[in-house]
Amino acid sequence: MIPPGASVAGANAGAAMPPAVSVRPEILRKRADFLRAARGRRQAMPGFVLQGIARGDESGAIRVGFTCSKKVGNAVARNRAKRRLREIARHVLPAAGRPGWDYVLIGRREATAARPFADLLADLETALTRLHGLAR
RNA sequence: GCGGAUGGCCGGAUGGCCGCGGGGGGCGGCAACGCCCCGCGAGGAAAGUCCGGACUCCCCGAAGCAACGGUGCCGGGUAACGCCCGGCCGGGGAAACCCGAGGGAAAGCGCCACAGAGAUCAGACCGCCACGGUCACCCCGGAGGUUCGCCUUCGAAGGAGCCGCGGUAAGGGUGAAACGGUGGGGUAAGAGCCCACCGCGGGGCUGGCAACAGGCCCGGCACGGCAAGCCCCACCGGGAGCAAUGCCAAAUAGGGGCCCUAUACGGGCGGCUUCGGCCCCGGGGCCCGGGUUGGCAGCUGGAGCGCGCUGGUAACAGCGCGCCGAGAGGAAUGGCCAUCGCCGGCGCGAUCUACGCGGCGGUACAGAAUCCGGCUUACAGGCCAUCCGCGCGC
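The rules behind each value
- Residues numbered from 1 in each chain as written.
- Chains lettered and ligands numbered in written order.
- Predicted model: local features only at pLDDT ≥ 70, side-chain atom pairs only at ≥ 80, totals over all residues.
- Heavy atoms only, no water.
- Helix = DSSP H or I, 4+ residues; strand = E, 2+ residues; numbered from the N terminus.
- Contact = heavy atoms within 4.5 Å.
- Areas by Shrake-Rupley, 256 points an atom, 1.4 Å probe, with all protein chains shown as cover.
- Core = buried A, V, L, I, M, F, W, Y, C linked by side-chain atoms within 4.5 Å.
- Buried < 20%, exposed > 50% of the residue type's maximum accessible area, 1.4 Å probe, protein only.
- Salt bridge = Lys/Arg side-chain N within 4 Å of Asp/Glu carboxyl O.
- Pairing = 2+ DSSP bridges.
- Near = heavy atom within 4 Å.
- Polar contact = N/O pair within 3.5 Å; in protein donor to acceptor, adjacent residues only side chain to side chain.

Trainee: Break down the overall build of chain A for me, with residues and values.
Mentor: Scanning chain A from N- to C-terminus turns up 6 helices and 5 strands. Ordering the α and β elements of chain A from the N terminus gives α-α-β-α-β-β-β-α-β-α-α. In chain A, of all internal contacts separated by at least 6 residues, the share reaching a separation of at least 24 is 80%. Just so you have it, chain A exposes about 8,000 Å², and 55% of that area is on carbon and sulfur atoms.

Trainee: Describe the nonpolar core, and please don't skip the residues or the numbers.
Mentor: Core analysis: the largest hydrophobic core is formed by 23 residues, its most contacted members being Phe48, Leu50, Tyr103, Leu105 and Leu124. Sequence-distant contacts of Leu50, that is, excluding residues within four places in its chain, are made with Arg41, Arg42, Gln43, Tyr103, Val104, Leu105, Leu124, Ala127, Leu128 and Leu131.

Trainee: Break down the pattern of salt bridges for me, citing the residues and quoting the values.
Mentor: Within the structure shown, the criterion is met by 4 salt bridges. Residue Asp102 is joined to Arg36 by a salt bridge in which the shortest nitrogen-to-oxygen separation is 3.1 Å. One end of the pair, Asp102, is in strand E5 (residues 101-107); the other, Arg36, is in helix H3 (residues 31-38), with 66 residues separating them in the sequence. Its relative accessible area of 0% is what places Asp102 among the buried residues. With relative accessibility at 25%, the residue Arg36 sits in the partly exposed group. Of the charged contacts in the structure, one is a salt bridge between Arg90 and Glu87, with a shortest N-O distance of 2.5 Å.

Trainee: Lay out the pairing of strand E3 (residues 48-54) in plain terms, naming residues and giving numbers.
Mentor: Most of E3 is tucked away, with 6 of its 7 residues classed as buried. Looking at chain direction, strand E2 (residues 41-44) and E3 are connected through 4 bridges and run antiparallel. Following the sheet pairing, Gln43 is matched in E3 by Leu50. As consecutive antiparallel partners, E2 and E3 are separated by 3 residues.

Trainee: I'd like to hear about the environment of Phe48, residue by residue, with values.
Mentor: Position of Phe48 among the secondary structure elements: in strand E3. Between the C-alpha atom of Phe48 and that of Leu120, which follows or precedes it by 72 residues, the distance is 8.5 Å. Apart from the residues within four sequence positions on either side, Phe48 is in contact with Gln43, Leu85, Ile88, Leu105, Ile106, Arg108, Leu120, Asp123, Leu124 and Ala127.

Trainee: Which residues make up the protein's contact with RNA strand B, and what values go with them?
Mentor: The full set close to RNA strand B counts 21 residues, and Arg29, Thr67, Arg80, Arg84 and Arg90 are the nearest of them. A breakdown of the atoms of RNA strand B within 4 Å of the protein gives sugar and phosphate a share of 72%. Within the backbone of Leu28, an N or O atom sits 2.9 Å from a sugar or linking oxygen of RNA strand B. Here Arg83 contributes a side-chain N or O atom positioned 3.2 Å from a phosphate oxygen of RNA strand B. The set of elements that each furnish at least two residues to the surface near RNA strand B consists of H3, strand E4 (63-67) and helix H4 (75-96). For the surface near RNA strand B, the element with the most residues is H4, which contributes 9 residues.

Trainee: How would you explain the environment of Gly47 if you had to name every residue and give the values?
Mentor: Within the fold, Gly47 resides in the loop between E2 and E3. Linking Gly47 and Ala114, residues 67 residues apart in sequence, is a C-alpha distance of 8.2 Å.

Trainee: Which residues make up the sheet that holds strand E1 (residues 26-27), and what are the values?
Mentor: Each strand in a sheet pairs with its neighbour through backbone hydrogen bonds, running either in the same direction (parallel) or in the opposite one (antiparallel). On the basis of which strands lie adjacent, the open sheet formed by 5 strands has the order E1-E4-E5-E3-E2 and mixed pairing. Lying at the two open borders of the sheet, with one neighbouring strand each, are E1 and E2. Bridge analysis of E4 against E5 gives 5 bridges, and the strand direction is parallel. Opposite Phe66, over in E5, you have Leu105 as the bridge partner.

Quick look at the structure:
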């Protein structure tokens with residue numbers, strides 16, 4: 001099972017090794033931030049739903065939040081989905097995210113936990129591209 | 001070895017890359033913060049939120065009574081419990097063992113359908129039996145007739161059947177349950193009518209702390225079931241919950257107090273006018289309390305865990321030594337990968353078992369949210385001990 005891992009590592013070489021100058025994404029914790037992001041653009045993917053909005057303040061930080069409601073499953077299923085979303089955000093957002101934006105990743109029942117990790121990474125990149133395209 | 005019963009335990013391992021949440025230390029920096037190092041970081045059920053507590057706030061003189069809710073054989077354990085341990089009784093099993101809301105039905109009310117003759121101080125449907133009446137039929141005797149086979153008629157004893165009037169609670173049948181069961185005597189047939197044993201009720205005796213058990217005497221036997229319908233008795237119980245509760249504080253809006261502004265624009269006050277004064281409104285400053293949101297505390301060292309000894313059948317308790325084992329708050333404890341375990345079935349190695357190799361599939365239930373003690377429910381796979389029965393060997 002070497003080829004898949006190698007291809008992902010090669011394709012995401014830039015994303016997997018974020019440059020030191022890039023700011024690590026901050027985590028959203030306030031309900032108000034989530035409500036504002038929900039008013040922005042949304043892009044549905046097989047493993048998750050992405051929401052994003054430009055904050056419009058002078059801070060250049062990329063921020064991201066995670067949502068898994070009870071529709072995703074019991075506590076174990078929700079936690080697992082949230083952890084996988086956290087992991088793909090950590091890999092992709094520093095390179096593909098836009099400074100000054102807030103993103104929210106929403107977990108989906110079964111799909112978020114079952115979809116191969118490499119696919120999830122690719123999904124987030126294309127979702128970000130489409131979201132930014134809509135915003136333009 | 002096979003089948004079964006009970007109690008207890010585990011619930012993947014190692015490594016690599018990249019991460020997360022607390023804590024401690026070091027360096028840089030006024031600080032915010034950044035970097036480095038060390039150590040810690042989910043469960044047996046963390047789950048359901050069903051009981052019992054600790055801890056907070058609210059209410060409240062004490063006690064009793066009433067209401068409401070809960071518990072319910074006895075003894076013990078415990079901070080407490082509806083939990084646990086030991087025992088008793090009843091039921092199931094060949095046994096180990098398992099199951100039981102298991103106080104009171106002579107305090108009272110209520111209910112007991114259907115079936116059945118009759119369902120509580122009940123009842124005669126079938127059956128059984130005695131007596132009275134009637135009589136088919138059989139046997140005997142007399143008289144008459146005769147084809148000598150027998151026929152008719154009268155009388156008497158018995159008598160199936162039918163009718164009437166009674167006896168009976170043994171048997172059949174109905175039912176969850178039928179004035180207790182089995183056997184014998186007895187009787188017309190039967191019946192606690194009488195007797196023995198069992199059961200039941202009462203009394204005292206012995207053993208036991210008790211639930212209760214054992215045997216003795218008396219009574220021929222009455223007092224049906226449901227209390228998970230109401231009820232009675234005994235015991236227990238204030239309410240709400242960590243989003244409890246306490247502390248700190250910015251912006252905005254609003255409330256209160258004090259001071260200043262005033263001659264202002266405006267309104268009011270002493271009969272009127274002027275000056276002056278006071279008050280309201282307006283503006284400014286300071287302070288106070290409430291409050292949204294946010295932050296801090298509560299927040300984890302405790303009815304704690306491990307080992308040993310002592311007491312106890314045990315639950316458990318005491319003592320000694322050792323240990324610190326999550327503390328988040330849109331909520332960390334992870335993501336990806338490799339190797340190895342474990343289980344299942346398949347193929348190959350000689351046919352099976354054992355064993356080896358190969359590839360395939362599976363590796364559960366489930367995520368702390370103030371903290372403890374329980375209960376209940378879920379769970380891939382596995383381990384240990386004790387006991388019962390059967391088989392084999394010594």
